[in-house]
Amino acid sequence: MNSLLRLCREVLVDPASTAAMKNVAGTALTLAIGTCAAGIVGETPEIMNNRGFSYILRGDYRRARRTLEAAQARAPDNPYIQNNLQLLEKVQRRGKSVN
């Protein structure tokens, strides 16, 4: 529980930080942390981007696209969201998993 709270705080301090999400990307904790952070600060584009990336890692491309496109609608110039949408396109074209 302490590690979940610590990671949730890190995400709240800097939601775009890949370092904060690096340790949990693709795990069940990723979505729990995003939900925790979103419950406190709301659904920010950064939190939505992290959640979308987690869906890519899990192979849930439909959810990833919906989440990343919603994030992009809120922050169209965010390079992290743009990169994850490009990654999603590449992965879907190849028909392979990121892991």
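None of the values given here were measured: they were computed from a predicted structure.

A. Up close: the packing of helix α4 (residues 45–58) against helix α5 (residues 61–74). Their axes nearest at 8 Å, the elements α4 and α5 cross at an angle of 160°. The angle between α4 and α5 falls in the class roughly antiparallel. In the crossing of α4 with α5, the sense of the turn from one axis to the other is left-handed. For the pair α4 and α5, the contacting residues are Pro 45, Met 48, Asn 49, Arg 51, Gly 52, Phe 53, Tyr 55 and Ile 56 in the first and Tyr 61, Arg 63, Ala 64, Thr 67, Leu 68, Ala 70, Ala 71 and Arg 74 in the second.

B. Spatial organisation of the environment of Ala 71. For Ala 71, the location among the structural elements is in helix α5. Overall, Ala 71 belongs to the buried group, its relative accessible area being 0%. When the C-alpha positions of Ala 71 and Ile 81 are compared, they lie 7.1 Å apart, and in sequence the two are 10 residues distant. In this structure Ala 71 touches Pro 45, Met 48, Asn 49 and Ile 81, once residues within four positions along its chain are discounted.

C. Structural detail: the pattern of salt bridges. As enumerated under the stated definition, the model contains four salt bridges in all. In this structure, the salt-bridge partner of Arg 65 is Glu 69, at a minimum N-O distance of 3.6 Å. Remark: Glu 69 and Arg 65 occur in helix α5; sequence separation between them is four residues, near one turn of the helix. The exposure class of Arg 65 is partly exposed, given its relative accessible area of 21%. Salt bridges here are not isolated pairs; linked through shared partners, they connect Arg 65, Glu 69 and Glu 89.

Rules behind the numbers
- Residues numbered from 1 in each chain as written.
- Predicted model: local features only at pLDDT ≥ 70, side-chain atom pairs only at ≥ 80, totals over all residues.
- Heavy atoms only, no water.
- Axes fitted to C-alpha atoms, helices over the stretch in contact; angles between N-to-C directions.
- Helix = DSSP H or I, 4+ residues; strand = E, 2+ residues; numbered from the N terminus.
- Parallel < 35°, antiparallel > 145°, perpendicular 65-115°, else oblique.
- Left-handed = near helix turned anticlockwise from the far one by under 90°.
- Contact = heavy atoms within 4.5 Å.
- Buried < 20%, exposed > 50% of the residue type's maximum accessible area, 1.4 Å probe, protein only.
- Salt bridge = Lys/Arg side-chain N within 4 Å of Asp/Glu carboxyl O.

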